[in-house]
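# Breakdown of the fold
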Amino acid sequence: MTDLRHHYVEVNRIRLHYVEAGEGPAVILCHGFPELWYSWRHQLPALAQAGYRAIALDMRGHGESDAPANIEDYDVCRTVGDVIGLMDELGIGRAAFVGHDAGTSTAYTAALMRPDRVRGVMGLSVPYIPRGPLSILESFDGAVPPGFYMVYFQEPGRAEQDLERDVTESLRRIVYANSGENPHTPFLMTVPEGGTLIDGLPAPVGAIGFLSDADLDVYATAYSRSGFRGGLNGYRVFHRNWELTAPWHAAALPVPCGYIGGTADTVLHFPGFRAAAEAMGTATFLDGAGHWIQAERPDEVNTALLSFLQSLPS
(Lines give C-alpha, C1' and ligand atoms only; values in the text may rest on other atoms or scores of the structure.)
Protein backbone atom coordinates (compact mmCIF):
# COMPACT_ATOMS: atom_id res chain seq x y z
CA MET A 1 0.00 0.00 0.00
CA THR A 2 1.27 3.48 -0.84
CA ASP A 3 0.19 7.01 -0.03
CA LEU A 4 -1.77 6.15 3.10
CA ARG A 5 -2.14 9.24 5.26
CA HIS A 6 -2.68 8.79 9.00
CA HIS A 7 -4.45 11.53 10.94
CA TYR A 8 -6.08 12.25 14.29
CA VAL A 9 -9.02 14.54 14.86
CA GLU A 10 -11.04 15.65 17.88
CA VAL A 11 -14.76 15.15 17.22
CA ASN A 12 -17.77 14.40 19.38
CA ARG A 13 -15.58 14.79 22.50
CA ILE A 14 -13.19 11.98 21.56
CA ARG A 15 -10.05 11.61 19.46
CA LEU A 16 -10.46 9.55 16.31
CA HIS A 17 -7.71 7.98 14.25
CA TYR A 18 -8.35 7.65 10.53
CA VAL A 19 -6.41 6.73 7.41
CA GLU A 20 -7.09 8.15 3.99
CA ALA A 21 -5.90 7.65 0.44
CA GLY A 22 -6.64 9.42 -2.81
CA GLU A 23 -8.57 12.52 -3.79
CA GLY A 24 -12.07 12.99 -5.13
CA PRO A 25 -15.58 12.13 -3.89
CA ALA A 26 -15.39 10.87 -0.32
CA VAL A 27 -16.02 7.25 0.68
CA ILE A 28 -16.13 6.55 4.41
CA LEU A 29 -15.32 2.99 5.50
CA CYS A 30 -16.68 1.71 8.85
CA HIS A 31 -15.23 -1.56 10.16
CA GLY A 32 -16.75 -4.14 12.49
CA PHE A 33 -15.44 -6.35 15.32
CA PRO A 34 -12.75 -7.42 16.00
CA GLU A 35 -11.35 -5.16 13.31
CA LEU A 36 -9.52 -1.89 12.60
CA TRP A 37 -9.05 0.59 9.78
CA TYR A 38 -6.62 -2.03 8.49
CA SER A 39 -9.57 -4.23 7.52
CA TRP A 40 -9.91 -1.96 4.46
CA ARG A 41 -6.27 -2.38 3.37
CA HIS A 42 -7.35 -3.84 0.01
CA GLN A 43 -10.05 -1.23 -0.63
CA LEU A 44 -8.12 1.96 0.20
CA PRO A 45 -5.69 1.77 -2.75
CA ALA A 46 -8.36 0.52 -5.16
CA LEU A 47 -10.67 3.41 -4.30
CA ALA A 48 -7.84 5.93 -4.51
CA GLN A 49 -6.76 4.64 -7.91
CA ALA A 50 -10.36 4.92 -9.13
CA GLY A 51 -10.51 8.61 -8.20
CA TYR A 52 -12.06 8.57 -4.73
CA ARG A 53 -10.99 9.95 -1.38
CA ALA A 54 -11.15 6.82 0.76
CA ILE A 55 -11.32 7.33 4.54
CA ALA A 56 -11.09 4.37 6.93
CA LEU A 57 -11.65 5.03 10.63
CA ASP A 58 -10.60 3.24 13.71
CA MET A 59 -14.14 3.27 15.10
CA ARG A 60 -14.45 4.49 18.69
CA GLY A 61 -13.14 1.89 21.12
CA HIS A 62 -10.79 0.38 18.52
CA GLY A 63 -7.19 0.80 17.50
CA GLU A 64 -5.77 4.27 18.06
CA SER A 65 -9.13 5.97 18.57
CA ASP A 66 -10.33 6.79 22.07
CA ALA A 67 -12.26 4.18 24.05
CA PRO A 68 -14.74 5.92 26.38
CA ALA A 69 -15.49 4.20 29.67
CA ASN A 70 -19.27 3.88 29.66
CA ILE A 71 -21.24 1.30 27.69
CA GLU A 72 -23.75 3.91 26.51
CA ASP A 73 -20.87 5.82 24.91
CA TYR A 74 -20.99 3.23 22.11
CA ASP A 75 -24.59 3.66 21.00
CA VAL A 76 -25.38 4.38 17.39
CA CYS A 77 -26.08 8.05 17.99
CA ARG A 78 -22.47 8.44 19.17
CA THR A 79 -20.97 6.50 16.28
CA VAL A 80 -23.06 8.38 13.70
CA GLY A 81 -22.01 11.58 15.45
CA ASP A 82 -18.39 10.52 15.04
CA VAL A 83 -18.59 10.10 11.28
CA ILE A 84 -20.67 13.22 10.70
CA GLY A 85 -18.30 15.17 12.95
CA LEU A 86 -15.36 13.83 10.97
CA MET A 87 -16.98 14.97 7.74
CA ASP A 88 -17.50 18.42 9.24
CA GLU A 89 -13.87 18.66 10.34
CA LEU A 90 -12.67 17.64 6.87
CA GLY A 91 -15.07 19.93 5.03
CA ILE A 92 -16.88 17.02 3.37
CA GLY A 93 -20.48 17.87 2.55
CA ARG A 94 -21.61 14.47 1.32
CA ALA A 95 -20.00 11.03 1.23
CA ALA A 96 -20.75 7.45 0.29
CA PHE A 97 -20.65 5.06 3.25
CA VAL A 98 -19.45 1.46 3.35
CA GLY A 99 -19.90 -0.66 6.46
CA HIS A 100 -18.82 -4.16 7.38
CA ASP A 101 -20.26 -6.26 10.23
CA ALA A 102 -21.06 -3.95 13.18
CA GLY A 103 -19.90 -0.99 11.07
CA THR A 104 -23.05 -1.38 8.98
CA SER A 105 -25.07 -0.11 11.96
CA THR A 106 -23.25 3.22 11.77
CA ALA A 107 -23.43 3.36 7.97
CA TYR A 108 -27.13 2.53 7.69
CA THR A 109 -28.15 4.76 10.59
CA ALA A 110 -26.14 7.67 9.19
CA ALA A 111 -28.21 7.34 6.02
CA LEU A 112 -31.44 7.31 8.04
CA MET A 113 -30.51 10.23 10.28
CA ARG A 114 -28.62 12.40 7.79
CA PRO A 115 -29.65 11.55 4.23
CA ASP A 116 -28.53 15.05 3.27
CA ARG A 117 -24.93 13.97 4.01
CA VAL A 118 -25.00 10.42 2.57
CA ARG A 119 -24.84 9.81 -1.20
CA GLY A 120 -25.36 6.08 -0.86
CA VAL A 121 -24.57 3.19 1.46
CA MET A 122 -23.19 -0.28 0.87
CA GLY A 123 -23.24 -3.00 3.51
CA LEU A 124 -20.85 -5.95 3.68
CA SER A 125 -21.95 -9.12 5.48
CA VAL A 126 -24.84 -7.56 7.43
CA PRO A 127 -27.84 -6.40 5.37
CA TYR A 128 -30.12 -3.52 6.25
CA ILE A 129 -33.14 -4.65 8.28
CA PRO A 130 -35.67 -1.94 9.16
CA ARG A 131 -36.35 -1.47 12.85
CA GLY A 132 -39.01 -3.92 13.98
CA PRO A 133 -41.03 -4.52 17.12
CA LEU A 134 -38.09 -6.20 18.91
CA SER A 135 -34.40 -5.49 19.31
CA ILE A 136 -32.02 -7.90 17.60
CA LEU A 137 -31.30 -9.70 20.88
CA GLU A 138 -35.02 -10.10 21.56
CA SER A 139 -35.68 -11.33 18.03
CA PHE A 140 -32.97 -13.98 18.38
CA ASP A 141 -34.39 -15.26 21.67
CA GLY A 142 -35.42 -18.88 21.11
CA ALA A 143 -34.13 -18.82 17.52
CA VAL A 144 -30.46 -19.43 18.35
CA PRO A 145 -28.77 -22.03 20.57
CA PRO A 146 -27.91 -21.36 24.21
CA GLY A 147 -24.50 -19.75 24.51
CA PHE A 148 -24.98 -17.66 21.35
CA TYR A 149 -21.99 -15.34 21.14
CA MET A 150 -24.00 -12.09 21.12
CA VAL A 151 -25.58 -13.10 24.43
CA TYR A 152 -22.18 -14.17 25.80
CA PHE A 153 -20.82 -10.72 24.96
CA GLN A 154 -23.43 -8.91 27.08
CA GLU A 155 -21.88 -9.36 30.54
CA PRO A 156 -19.13 -6.77 31.05
CA GLY A 157 -15.77 -8.34 31.74
CA ARG A 158 -16.61 -11.94 30.92
CA ALA A 159 -15.75 -11.96 27.22
CA GLU A 160 -12.88 -9.53 27.77
CA GLN A 161 -11.19 -12.04 30.09
CA ASP A 162 -11.71 -14.81 27.56
CA LEU A 163 -10.45 -12.94 24.50
CA GLU A 164 -7.53 -11.27 26.25
CA ARG A 165 -5.94 -14.45 27.65
CA ASP A 166 -4.08 -14.84 24.35
CA VAL A 167 -4.92 -11.99 21.99
CA THR A 168 -3.19 -13.42 18.94
CA GLU A 169 -4.79 -16.84 19.30
CA SER A 170 -8.22 -15.33 19.97
CA LEU A 171 -8.06 -13.27 16.79
CA ARG A 172 -6.69 -16.17 14.75
CA ARG A 173 -9.52 -18.47 15.82
CA ILE A 174 -12.29 -15.90 15.42
CA VAL A 175 -11.11 -15.02 11.94
CA TYR A 176 -10.66 -18.61 10.82
CA ALA A 177 -13.91 -19.92 12.32
CA ASN A 178 -15.97 -17.30 10.48
CA SER A 179 -14.15 -17.51 7.17
CA GLY A 180 -14.75 -19.49 4.03
CA GLU A 181 -11.65 -21.54 4.86
CA ASN A 182 -13.46 -23.25 7.73
CA PRO A 183 -14.89 -26.46 6.18
CA HIS A 184 -17.74 -26.41 8.72
CA THR A 185 -19.44 -23.27 7.46
CA PRO A 186 -21.81 -21.75 8.20
CA PHE A 187 -20.27 -21.82 11.66
CA LEU A 188 -22.31 -20.40 14.53
CA MET A 189 -20.19 -19.16 17.42
CA THR A 190 -21.61 -20.54 20.67
CA VAL A 191 -20.17 -21.04 24.13
CA PRO A 192 -20.57 -24.45 25.82
CA GLU A 193 -22.08 -24.35 29.29
CA GLY A 194 -19.29 -23.60 31.75
CA GLY A 195 -16.80 -23.06 28.91
CA THR A 196 -15.36 -20.15 26.97
CA LEU A 197 -15.85 -18.95 23.43
CA ILE A 198 -12.24 -19.14 22.27
CA ASP A 199 -11.61 -22.67 23.56
CA GLY A 200 -14.62 -23.84 21.57
CA LEU A 201 -13.50 -22.34 18.26
CA PRO A 202 -11.61 -24.34 15.64
CA ALA A 203 -7.98 -23.42 15.05
CA PRO A 204 -6.50 -23.34 11.56
CA VAL A 205 -3.74 -25.74 10.62
CA GLY A 206 -1.06 -23.42 9.33
CA ALA A 207 -1.55 -19.90 8.02
CA ILE A 208 -4.87 -18.37 7.05
CA GLY A 209 -4.84 -17.81 3.31
CA PHE A 210 -6.13 -14.23 3.33
CA LEU A 211 -4.44 -13.12 6.57
CA SER A 212 -0.66 -13.22 6.69
CA ASP A 213 1.27 -13.41 9.94
CA ALA A 214 2.19 -9.75 9.42
CA ASP A 215 -1.48 -8.85 8.98
CA LEU A 216 -2.45 -10.77 12.10
CA ASP A 217 0.29 -8.99 14.03
CA VAL A 218 -1.25 -5.60 13.15
CA TYR A 219 -4.52 -6.66 14.79
CA ALA A 220 -2.84 -8.40 17.72
CA THR A 221 -0.64 -5.40 18.49
CA ALA A 222 -3.63 -3.06 18.42
CA TYR A 223 -5.88 -5.24 20.58
CA SER A 224 -3.08 -6.05 23.01
CA ARG A 225 -2.85 -2.32 23.61
CA SER A 226 -6.57 -1.44 23.68
CA GLY A 227 -8.19 -4.64 24.88
CA PHE A 228 -11.54 -5.79 23.52
CA ARG A 229 -13.83 -3.76 25.78
CA GLY A 230 -14.62 -1.02 23.27
CA GLY A 231 -15.63 -3.43 20.53
CA LEU A 232 -17.65 -5.61 22.90
CA ASN A 233 -19.51 -2.56 24.18
CA GLY A 234 -20.83 -2.19 20.66
CA TYR A 235 -22.81 -5.40 21.26
CA ARG A 236 -23.98 -4.22 24.69
CA VAL A 237 -25.92 -1.30 23.21
CA PHE A 238 -28.10 -3.36 20.84
CA HIS A 239 -31.26 -2.82 22.85
CA ARG A 240 -30.35 0.81 23.52
CA ASN A 241 -29.90 1.34 19.78
CA TRP A 242 -33.37 -0.11 19.19
CA GLU A 243 -34.83 2.33 21.70
CA LEU A 244 -32.97 5.33 20.27
CA THR A 245 -34.05 4.63 16.69
CA ALA A 246 -37.79 4.58 17.42
CA PRO A 247 -38.38 7.58 15.08
CA TRP A 248 -37.16 5.45 12.17
CA HIS A 249 -39.34 2.42 12.93
CA ALA A 250 -39.91 0.35 9.76
CA ALA A 251 -38.17 3.03 7.67
CA ALA A 252 -36.60 2.16 4.35
CA LEU A 253 -33.15 3.51 3.57
CA PRO A 254 -33.64 6.92 1.96
CA VAL A 255 -30.52 6.71 -0.23
CA PRO A 256 -29.28 4.24 -2.87
CA CYS A 257 -28.01 1.08 -1.21
CA GLY A 258 -26.11 -2.07 -2.06
CA TYR A 259 -24.94 -5.27 -0.41
CA ILE A 260 -22.06 -7.75 -0.73
CA GLY A 261 -22.00 -11.01 1.20
CA GLY A 262 -20.48 -14.47 1.15
CA THR A 263 -22.63 -17.58 0.97
CA ALA A 264 -20.49 -19.20 3.70
CA ASP A 265 -21.03 -16.25 6.06
CA THR A 266 -23.10 -17.33 9.05
CA VAL A 267 -24.76 -13.91 9.12
CA LEU A 268 -26.58 -14.72 5.89
CA HIS A 269 -28.06 -17.77 7.61
CA PHE A 270 -29.58 -15.81 10.51
CA PRO A 271 -33.39 -15.82 10.25
CA GLY A 272 -34.52 -13.33 7.62
CA PHE A 273 -31.08 -11.99 6.77
CA ARG A 274 -30.76 -13.50 3.29
CA ALA A 275 -34.16 -12.10 2.29
CA ALA A 276 -33.17 -8.70 3.69
CA ALA A 277 -29.98 -8.74 1.63
CA GLU A 278 -31.87 -9.65 -1.52
CA ALA A 279 -34.26 -6.76 -0.89
CA MET A 280 -31.46 -4.19 -1.03
CA GLY A 281 -31.02 -2.24 -4.24
CA THR A 282 -28.00 -4.13 -5.52
CA ALA A 283 -27.02 -7.44 -3.88
CA THR A 284 -23.92 -9.48 -4.71
CA PHE A 285 -23.38 -12.96 -3.24
CA LEU A 286 -19.94 -14.55 -3.53
CA ASP A 287 -20.01 -18.35 -3.41
CA GLY A 288 -17.86 -19.84 -0.68
CA ALA A 289 -16.79 -16.54 0.85
CA GLY A 290 -17.09 -16.12 4.59
CA HIS A 291 -17.56 -13.20 6.95
CA TRP A 292 -14.33 -11.29 6.21
CA ILE A 293 -15.34 -10.77 2.63
CA GLN A 294 -13.30 -7.67 1.82
CA ALA A 295 -10.12 -9.60 2.72
CA GLU A 296 -11.19 -13.03 1.47
CA ARG A 297 -12.33 -11.76 -1.95
CA PRO A 298 -10.84 -8.28 -2.34
CA ASP A 299 -10.90 -8.10 -6.14
CA GLU A 300 -14.55 -9.12 -6.41
CA VAL A 301 -15.54 -6.82 -3.56
CA ASN A 302 -13.67 -3.91 -5.12
CA THR A 303 -15.34 -4.51 -8.47
CA ALA A 304 -18.82 -4.58 -6.93
CA LEU A 305 -18.08 -1.59 -4.71
CA LEU A 306 -16.75 0.55 -7.55
CA SER A 307 -19.72 -0.39 -9.73
CA PHE A 308 -22.06 0.74 -6.97
CA LEU A 309 -20.19 4.01 -6.40
CA GLN A 310 -20.18 4.78 -10.09
CA SER A 311 -23.97 4.33 -10.17
CA LEU A 312 -24.59 7.01 -7.55
CA PRO A 313 -25.88 10.40 -8.64
CA SER A 314 -23.29 13.12 -8.26
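Values in this document were obtained by computation on a predicted structure and should not be read as measured data.

## A short note on the sheet that holds strand 4 (residues 53-57)
Sheets are built from strands that pair by backbone hydrogen bonding, the pairs being arranged parallel or antiparallel. The eight strands are arranged 1-2-4-3-5-6-7-8 in an open sheet whose pairing can be described as mixed. The open sheet has two free edges, formed respectively by strand 1 (5-11) and strand 8 (282-286), since each of these has just one partner strand. For this sheet the average axis-to-axis angle between neighbouring strands, irrespective of direction, equals 20 degrees. Here strand 3 (residues 26-30) pairs with strand 4 via four bridges, running parallel. Within strand 4, the position partnered with Leu 29 by the bridge is Ala 56. The strands touched by helix 2 (residues 76-90) are strand 1, strand 2 (14-21), strand 3, strand 4 and strand 5 (95-100); relative to strand 1, the strand with the most contacts, the crossing angle is about 110 degrees.

## Section: the packing of helix 7 (residues 167-177) against helix 8 (residues 213-226)
Contact geometry for helix 7 and helix 8: axes closest at 9 Å, N-to-C directions at 125 degrees. Classified by the angle their axes make, helix 7 and helix 8 are oblique. For helix 7 against helix 8, the interelement crossing comes out right-handed. Each of Val 167, Thr 168, Leu 171 and Arg 172 in helix 7 lies in contact with helix 8, whose residues at this interface are Leu 216, Tyr 219, Ala 220, Tyr 223 and Ser 224. Its residues assigned to classes, the contact of helix 7 with helix 8 shows six nonpolar, two polar and one charged.

## Examining unusual backbone geometry
Omega for the peptide link from Phe 33 to Pro 34 comes to -5 degrees, which places this bond in the cis form. In this structure, Pro 34 sits in the loop between strand 3 and helix 1 (43-49). Cis peptide bonds are those with omega within 30 degrees of zero, and the linkage from Thr 185 to Pro 186 qualifies with -5 degrees. Within the secondary structure, Pro 186 sits in the loop between helix 7 and helix 8. Residues other than glycine seldom take positive phi values, yet Asn 12 does so here, at roughly 55 degrees. The class of Asn 12 is partly exposed, set by a relative accessible area of 38%. Positive phi, close to 55 degrees, is recorded for Asp 101, a residue that is not glycine. By secondary structure assignment, the location of Asp 101 is in the loop between strand 5 and helix 3 (103-113). Given the relative accessible area of 9%, Asp 101 is considered buried.

## Remarks on the pattern of salt bridges
Within this structure, the stated rule accounts for 18 salt bridges. A salt bridge links Arg 5 to Asp 3; the nearest nitrogen and oxygen atoms lie 3.4 Å apart. Arg 5 sits in the partly exposed class, given a relative accessible area of 21%. Glu 169 is the partner of Arg 172 in a salt bridge, and the nearest nitrogen-oxygen pair spans 3.1 Å. Linking Arg 172 with Glu 169, this pair stays in helix 7, spanning three residues, or about one helical turn.

Calculation criteria
- Residues numbered from 1 in each chain as written.
- Predicted model: local features only at pLDDT ≥ 70, side-chain atom pairs only at ≥ 80, totals over all residues.
- Heavy atoms only, no water.
- Pairing = 2+ DSSP bridges.
- Helix = DSSP H or I, 4+ residues; strand = E, 2+ residues; numbered from the N terminus.
- Axes fitted to C-alpha atoms, helices over the stretch in contact; angles between N-to-C directions.
- Contact = heavy atoms within 4.5 Å.
- Parallel < 35°, antiparallel > 145°, perpendicular 65-115°, else oblique.
- Left-handed = near helix turned anticlockwise from the far one by under 90°.
- Nonpolar A, V, L, I, M, F, W, Y, C, P; charged D, E, K, R; others polar.
- Buried < 20%, exposed > 50% of the residue type's maximum accessible area, 1.4 Å probe, protein only.
- Salt bridge = Lys/Arg side-chain N within 4 Å of Asp/Glu carboxyl O.

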